[in-house]
Amino acid sequence: MTSTQSAARRNSSGLGRDIEIVELLGSDEAVAEGGLGVMRIAQLTGRDKAVISRTMATLADAELVVRDDTTMNYRLGSRLFAIAARTTEATLVSRARPHLRNIAQSTRETTHLCVLRGGNVLTVLSELSPHEFRTTGWEGVTTAAWRTPSGRVLISDWDRASLTRWYQEHGRDQPLVGPLNPAMAAAGFAVLETPPENKAIVRDLDSLLAELQRIRERGYATLDEELELGVVGASAPITDFTGHIVAAINVSAPKSRIGGQLDRLGAYVAQAARELSISLGSPAPQG
């Protein structure tokens, strides 16, 4: 922030002054120090300490900032990150919609956009296949990440320690974590409670780690009747400008149509996901 901008903020409305404080708590100094105290915020903003104290209490009540009980420093709060996450997700959905439509038209199969939410997979957008006989749109449904290719894709760039903690908490979650959408419920839709023995990809932490290594090498994950009888699918990661995975594209289809072309579908989905990633600012792959 320039000195001119800072001076304008100090002379503006209360909201503008609060925004200045939020920006300060996101500064390099605040991050390095684990937050800023009332005195330091008053110094940086040129405002009265008592006024800053009251302002911080109000922001804390709204969960926009949080105070450390030991250092008494304030740092950015969880609600602010939740708002930012929703904003990022909304942008992602908007950018992804035409890509998903193109994929559904090209493959003639149902296509989904999935994100990680609470350790599992939420489908935020679906484009249905033009076929009368097609797989279901999962929009708004949360599924166990360990049971789905999109879930395994979404955690495929995590380190081993993070994966171990995640597996301990979510490695045996039920296939449907949240409720079905009304259309799926009305149709009597159901998933397999446990994967068939000959179809199960993840049986323990070691098998999960092995599958994630295959995903990194191939650039996509596949599913073969693991969640629903007669349904196969392929998923690939979407990365943002940092190169980190933020979402996954999933294409699901009746096995009778895909047949032995599941890996070909996976390669196509991986290429489509790379194109969407580049549109989101992700670095283009070398070579």
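Right above here is the structure, for reference.
Scoring rules and cut-offs
Residues numbered from 1 in each chain as written. Predicted model: local features only at pLDDT ≥ 70, side-chain atom pairs only at ≥ 80, totals over all residues. Heavy atoms only, no water. Helix = DSSP H or I, 4+ residues; strand = E, 2+ residues; numbered from the N terminus. Buried < 20%, exposed > 50% of the residue type's maximum accessible area, 1.4 Å probe, protein only. Areas by Shrake-Rupley, 256 points an atom, 1.4 Å probe, with all protein chains shown as cover. Axes fitted to C-alpha atoms, helices over the stretch in contact; angles between N-to-C directions. Parallel < 35°, antiparallel > 145°, perpendicular 65-115°, else oblique. Left-handed = near helix turned anticlockwise from the far one by under 90°. Contact = heavy atoms within 4.5 Å. Nonpolar A, V, L, I, M, F, W, Y, C, P; charged D, E, K, R; others polar. Phe/Tyr/Trp six-rings, centres within 6.5 Å; stacked < 30°, edge-to-face > 60°. Lys NZ or Arg CZ within 6 Å of the ring centre and 35° of its normal. Expected span 1.5 Å × (residues − 1). Polar contact = N/O pair within 3.5 Å; in protein donor to acceptor, adjacent residues only side chain to side chain. 1 Å grid on protein atoms, 1.4 Å probe; cavity = no way out; pocket = protein on both sides within 12 Å on 5 of 7 lines; lining within 4 Å. Points joined across faces, edges and corners; volume = space filled by probe spheres on them. Salt bridge = Lys/Arg side-chain N within 4 Å of Asp/Glu carboxyl O.

(A) Molecular detail of the overall build of the protein. The number of helices and strands found in the protein is 12 helices and eight strands. Buried residues in the protein amount to 45% of all 287 residues. Accessible area for the protein stands at about 14,800 Å²; split by element, carbon and sulfur atoms hold 53% of it.

(B) Structural view of the packing of helix H8 (residues 160-170) against helix H10 (residues 205-218). Between H8 and H10, the shortest axis-to-axis distance is 11 Å and the interhelical angle comes to 130 degrees. Judged by the inter-axis angle, H8 sits oblique to H10. For the pair H8 and H10, the sense of crossing is right-handed. The segment H8 lies against H10, with Arg160, Leu163, Thr164, Trp166 and Tyr167 engaging Leu205, Asp206, Leu208, Leu209, Leu212 and Arg216. For the contact of H8 with H10, the per-class residue count stands at seven nonpolar, one polar and three charged.

(C) Highlighting the packing of aromatic side chains. Across all of its chains, the model carries zero aromatic pairs by this definition. Here the basic side chain of arginine 147 rests over the ring of tryptophan 146, its NZ or CZ set 5.7 Å away from the ring centre. A cation over a ring is seen here: arginine 172 above tryptophan 146, with NZ or CZ 5.4 Å from the ring centre.

(D) Examining helix H12 (residues 262-279) more closely. Counted at 1.5 Å a residue, the expected span for H12 with its 18 residues is 26 Å, and the 26 Å between its end C-alpha atoms agrees. Phi turns positive, to about 100 degrees, at glycine 281, one or two residues after H12.

(E) Structural detail: the side chain of histidine 112. You can see histidine 112 is positioned in strand S3 (residues 110-117). On the basis of relative accessible area, histidine 112 is assigned to the buried category, the value being 2%. There is a polar contact of 2.9 Å between the side chain of histidine 112 and the side chain of serine 126.

(F) A look at H10. Compared with an ideal rise of 1.5 Å per residue, which puts 14 residues at 20 Å, H10 spans 20 Å between its outermost C-alpha atoms and is within 8% of the ideal. The secondary structure elements touched by the buried residues of H10 are helix H7 (149-154), H8 and strand S6 (221-224). Here H10 starts with a cap whose side-chain oxygen sits 3.3 Å from the backbone nitrogen of aspartate 206, and that cap is aspartate 204. After H10 finishes, the residue glycine 219 shows a positive phi value of roughly 90 degrees.

(G) Expanded view of the side chain of serine 129. Take serine 129: it is sitting in the loop between strand S4 (120-127) and strand S5 (142-143). Side-chain polar atoms of serine 129 contact the backbone oxygen of arginine 108, separated by 2.7 Å.

(H) Local environment of empty space enclosed by the protein. Considering all chains together, one arrives at one cavity of 30 Å³ or more under this definition. Estimates place the volume of the largest cavity at around 200 Å³. Lining the largest cavity are 17 residues, and of these His112, Trp138, Thr148, Leu227 and Asn250 sit closest to its centre. Of all the secondary structure elements, the ones that give two or more residues to the lining of the largest cavity are S3, S4, H7, strand S7 (231-239) and strand S8 (245-254).

(I) Broad picture of the pattern of salt bridges. Scanning all chains against the criterion turns up 12 salt bridges. Where glutamate 29 meets arginine 40, a salt bridge forms, and the shortest distance between an N and an O atom there is 2.8 Å. Pair noted here: glutamate 29 is in helix H3 (residues 28-33) and arginine 40 is in helix H4 (residues 38-45), with a separation of 11 residues, a long-range link. Judged by its relative accessible area of 32%, arginine 40 is partly exposed. Two residues, arginine 152 and glutamate 226, come together in a salt bridge whose shortest N-O distance is 3.0 Å.

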